[in-house]
Amino acid sequence: MASRRRRSPHARPQLRQRGHRAPTGLRMNTATPSILDSEVRASRSVATVRDRSRPLRVCMVAYTFYENDGRVMRYAEALAQEGAEVDAIVLAREGQPRDVSINGVRVLRVQTRQKNERSKLAYLTRIGRFFLRSMFELSRRHWTRSYDLIHVHSVPDFEVFAALLPKLSGARVILDIHDIVPEFYAAKFGVGHDSLVFKALKLVERGSAAFADHVIIANDLWLEKIAARATAREKCSSFINYPDLNVFRPELRTRAADDGRFVLSYPGTLNWHQGLDIAIRAFALVRHETPGMEFHIHGEGPARAELERLIAELDLADRVRLHQPVPLREVAAVMANADLGVVPKRDDKFGGEAFSTKILEFMALGVPLVVADTRIDRHYFDATLLRYFRAGDEEDLARVLLDAYRDRALGKELAARALEHVQHNSWGVNKSRYFSIVQELVDGR
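Treat the numbers as computed from the prediction; the structure is a model and nothing was measured. (Residues numbered from 1 in each chain as written. Predicted model: local features only at pLDDT ≥ 70, side-chain atom pairs only at ≥ 80, totals over all residues. Heavy atoms only, no water.)

Colleague: Talk me through the overall build of the protein; I want residue IDs and the actual numbers.
Modeller: Counting secondary structure elements, the protein contains 15 helices and 14 strands. Of all 445 residues assigned to the protein, the portion counted as buried reaches 60%. Pairs at least 24 residues apart make up 74% of the contacts formed inside the protein by residues separated by at least 6 positions. Within the structure as shown, the protein displays about 18,100 Å² of accessible surface, and the carbon and sulfur contribution to it stands at 53%. (Helix = DSSP H or I, 4+ residues; strand = E, 2+ residues; numbered from the N terminus. Buried < 20%, exposed > 50% of the residue type's maximum accessible area, 1.4 Å probe, protein only. Contact = heavy atoms within 4.5 Å. Areas by Shrake-Rupley, 256 points an atom, 1.4 Å probe, with all protein chains shown as cover.)

Put into structure tokens, the structure is as follows:
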């Protein structure tokens, strides 16, 4: 099978650069060239990937809903726009078609899921079932399509082994760590970091990283951690969740500025570490001083039932509303029509280091932000771009919400600086680094 995949040297793309380590933090990217310059470099970097006897064939594998996961979509659609043939093996919601094309990507939904897992067994059973189904589908399709690259997204890390057959027959494999699994599992189920389970998960992490040809990590703090305990630093890159400025645009706002409302927005997963209970309690503390203020939460997750009970208990049903999740391109318009984005994460061992996709997306939309002062957010952003509150402190959040409600001129100033900042920290600026990784991996086969 390996011989069937061999190509003549002149058909291979040319290597362009080595070393893909990301900058230490966003605040260090202020000297980044313009988006136009980076877009040109990106096109040149991937143009040689097109220069083959056939298009590059790539498969994304992710235990996620494709239409809601901007990270998976950005990679997949960027490659498709460059002429690659891209498949994505993902989860399905009830009633969704199992095989559909979305913006040039063939989306193959192999298993349904509801984000309502309460027990470790239910969570692991669903992940295990997806691993087997995705491995079968990937192997079956590779037999007929002969993929060049498999880009596997974690959680879980061991999903990378679904690419066993393609790797054995010459395909290159990227492991993309969205969340570091040992800390994620510990936070989700209350497992101690000195437990056997936590130590076992670190061994799985190390084995998964060793299996992959390249490891992408979702932020710089986790890059340091993975490089220290799982794999060689030179094998790793850091890519935070950069927003696509073609999707997140200030022009999406349609609400009138004088409609008498002040809308708070949170779009995302409903997990304990996201701190939404803190935000709801803070809202309750200022509701009588903030006429017209509303809080709209769009998402799903295991904390939803508890949040519903809290809203009822605090008699906030007329001002705090839980909505179902919205696909990425639709949620951008929802966010654009907010007056304040709220990111109330807890600063625990997982949440304090998990980079929030929502922050840069709100910035790209020109929406002011209130953010918990977690380690990861202090690493990337300073107080010239957003308002901070003490993580986990509902009274301090209430104080900052009241300030944002009363001093909207400051909010506009912060949002204007943040909008300028995000022009240098978007997917358009950074996708050339991803293209270079792909090219080098394929060239090195």
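Alright, that's what it looks like, and here's the rest.
Colleague: Provide a residue-level description of the packing of helix H8 (residues 276-286) against helix H13 (residues 394-406), including the pertinent values.
Modeller: Two elements in contact, H8 and H13, have axes whose closest approach is 8 Å; the angle formed by their N-to-C orientations is 60 degrees. With respect to each other, H8 and H13 are oriented oblique. The handedness of the crossing between H8 and H13 comes out as right-handed. Facing Ile278, Ala279, Arg281, Ala282, Phe283, Leu285 and Val286 of H8, the residues of H13 in contact are Glu394, Glu395, Leu397, Ala398, Leu401 and Leu402. (Axes fitted to C-alpha atoms, helices over the stretch in contact; angles between N-to-C directions. Parallel < 35°, antiparallel > 145°, perpendicular 65-115°, else oblique. Left-handed = near helix turned anticlockwise from the far one by under 90°.)

Colleague: For the sheet that holds strand E6 (residues 172-177), give the residues involved together with the corresponding values.
Modeller: If you trace the eight strands from one edge of the open sheet to the other, you get E3-E4-E2-E1-E5-E6-E7-E8, paired in mixed fashion. Every other strand in the sheet has two partners, leaving strand E3 (99-102) and strand E8 (236-238) as the edge strands with one partner each. Across the sheet, the mean angle from the axis of one strand to that of its neighbour is 20 degrees, orientation sign disregarded. Two strands pair when backbone bridges link them, and E3 and strand E4 (residues 105-112) are joined in this way by four bridges, in the antiparallel orientation. Bridging from a neighbouring strand, isoleucine 102 pairs with valine 105 of E4. Sitting on the sheet, helix H2 (residues 70-81) is in contact with strand E1 (57-62), strand E2 (85-92), E3, E4, strand E5 (149-154), E6 and strand E7 (214-217), with an inclination near 170 degrees to E1. Sheet contacts for helix H3 (residues 120-145): E1, E2, E4 and E5; angle to E4, the most-contacted strand, approximately 145 degrees. (Pairing = 2+ DSSP bridges.)

Colleague: Got a sec to walk through unusual backbone geometry? Specific residues and values, please.
Modeller: With an omega dihedral of 0 degrees, the bond running from valine 155 to proline 156 counts as a cis peptide bond. In this fold, proline 156 is placed in the loop between E5 and helix H4 (164-168). Located in the positive-phi region is asparagine 103, a residue other than glycine, with phi close to 50 degrees. Examined against the element boundaries, asparagine 103 turns out to sit in the loop between E3 and E4.

Colleague: So what about the side chain of glutamate 159? Which residues, and what values?
Modeller: In this fold, glutamate 159 is placed in the loop between E5 and H4. Among buried charged residues, glutamate 159 stands out as having no salt bridge; its nearest opposite-charge side chain is arginine 133, 11 Å away. Residues in contact with glutamate 159, not counting those within four places in the same chain, are Val61, Phe130, Phe131, Ser134 and Val152. (Lys, Arg positive; Asp, Glu negative; His and termini not counted. Salt bridge = Lys/Arg side-chain N within 4 Å of Asp/Glu carboxyl O.)

Colleague: Got a sec to walk through the sheet that holds strand E9 (residues 262-267)? Specific residues and values, please.
Modeller: If you trace the six strands from one edge of the open sheet to the other, you get E11-E10-E9-E12-E13-E14, paired in parallel fashion. Edge strands, defined here as strands with exactly one partner in the open sheet, are strand E11 (320-323) and strand E14 (387-389). Between one strand axis and the next, the sheet turns by 25 degrees as a mean value, whatever way the strands run. Here strand E13 (residues 369-372) runs beside E14; their pairing, made up of three bridges, is parallel. Directly across from valine 371, in E14, lies its bridge partner tyrosine 388.

Colleague: I'd like to hear about the layout of surface pockets, residue by residue, with values.
Modeller: In this approach the atoms are scanned with a rolling probe the size of a water molecule, which exposes any empty space left behind. Reported here for the largest pocket is a volume of approximately 380 Å³. As for the largest pocket, its lining consists of 20 residues, of which Arg253, Asp339, Pro368, Arg408 and Lys412 are closest to the centre. Residue contributions to the lining of the largest pocket peak at four residues, all from helix H14 (residues 408-423). (1 Å grid on protein atoms, 1.4 Å probe; cavity = no way out; pocket = protein on both sides within 12 Å on 5 of 7 lines; lining within 4 Å. Points joined across faces, edges and corners; volume = space filled by probe spheres on them.)

Colleague: Could you give an account of the nonpolar core, with specific residues and numbers?
Modeller: Ranked by size, the top nonpolar core spans 62 residues in total, and within it Met60, Met363, Phe381 and Tyr434 carry the most contacts. The contacts of methionine 363, once residues within four sequence positions are left out, are Leu369, Phe381, Leu385, Leu386, Ala418, Leu419, His421 and Val422. (Core = buried A, V, L, I, M, F, W, Y, C linked by side-chain atoms within 4.5 Å.)

Colleague: A description of the packing of aromatic side chains should follow, citing residues and the corresponding values.
Modeller: Inspection of the entire model under this criterion finds 17 aromatic pairs. On the numbers, 5.6 Å between centres and 75 degrees between planes, the contact of phenylalanine 131 with phenylalanine 158 is edge-to-face. Taken together, the residues span a long stretch of sequence, with phenylalanine 131 in helix H3 and phenylalanine 158 in the loop between E5 and H4 at a distance of 27 residues. An angle of 40 degrees between the planes, with centres 6.4 Å apart, marks the rings of tyrosine 434 and phenylalanine 435 as tilted. Per residue, the accessibility class of tyrosine 434 equals that of phenylalanine 435, and both read buried. Grouped by ring-pair contacts, the aromatic residues Tyr123, Phe184, Tyr185, Phe189, Trp222 and Phe350 constitute a single cluster. The ring of phenylalanine 211 has lysine 167 sitting right over it, with the charged end atom 5.4 Å from the ring centre. Seen from the ring of phenylalanine 239, arginine 433 lies directly overhead, with NZ or CZ sitting 4.0 Å from the centre. (Phe/Tyr/Trp six-rings, centres within 6.5 Å; stacked < 30°, edge-to-face > 60°. Lys NZ or Arg CZ within 6 Å of the ring centre and 35° of its normal.)

Colleague: Go over the pattern of salt bridges with me, naming the residues and quoting the values.
Modeller: Considering all chains together, one arrives at 36 salt bridges under this definition. Where aspartate 277 meets arginine 346, a salt bridge forms, and the shortest distance between an N and an O atom there is 2.7 Å. Linking aspartate 277 in helix H8 with arginine 346 in the loop between strand E12 (340-343) and helix H11 (357-365), this pair joins segments that are 69 residues apart in sequence. Arginine 346 shares its class with aspartate 277; the two are buried. Note that aspartate 403 and arginine 387 form a salt bridge whose closest N and O atoms lie 3.0 Å from each other.

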